[in-house]
Amino acid sequence: MSRDDMVDIFRRVLETDSVSVDTDFFASGGDSLLGTRVLSAVARTQGVELSFEDLIEAPTPAALADRVASVTR
């Protein structure tokens, strides 16, 4: 999953276009409910099941995309 793909997921879930690869999900209004939507989108598109803890530890599109890449290797 590319970082741009993850940016698109964050934009859809947060309902804003002002997301870059370094945007913090939680600082941008994300919460646990929206976080599950991000994780569900990742699972649907990549077949990778991440935990909510993964999102907490990697709250930006860049970091979460890197996390997905490390799982799929």
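Scroll up for the structure.
Residues numbered from 1 in each chain as written. Predicted model: local features only at pLDDT ≥ 70, side-chain atom pairs only at ≥ 80, totals over all residues. Heavy atoms only, no water.

J.: It is not clear to me how the environment of S40 should be interpreted in this structure. Could you clarify?
T.: Counting through the fold element by element, S40 comes out in helix α2 (residues 32-46). Separated by 15 residues in sequence, S40 and F25 have C-alpha atoms that sit 15 Å apart. (Helix = DSSP H or I, 4+ residues; strand = E, 2+ residues; numbered from the N terminus.)

J.: What should I look at first to understand the environment of A65 in this one?
T.: With respect to the helices, strands and loops of the structure, A65 is situated in helix α4 (residues 61-72). Non-local contacts of A65, meaning those with residues more than four positions away in its chain, are made with M1, S2, R3 and M6. (Contact = heavy atoms within 4.5 Å.)

J.: Can you help me understand helix α1 (residues 3-14) in this one?
T.: Each full turn of the α-helix corresponds to 3.6 residues, which orients residues three or four apart in the same direction. In this model α1 runs 16 Å from its N-terminal to its C-terminal C-alpha over 12 residues, within 8% of the 16 Å that 1.5 Å per residue would give. Residues M6, V7, I9, F10, V13 and L14 constitute the buried set of α1. Projection of α1 onto a plane perpendicular to its axis shows the buried side chains occupying an angular sector of 160 degrees, all on one side. Positioned one or two residues after α1, E15 has a phi angle of 55 degrees, which is positive. (Expected span 1.5 Å × (residues − 1). Buried < 20%, exposed > 50% of the residue type's maximum accessible area, 1.4 Å probe, protein only. Arc of directions from axis to C-beta.)

Interpretation note: all reported values are geometric properties and have no functional meaning in isolation.
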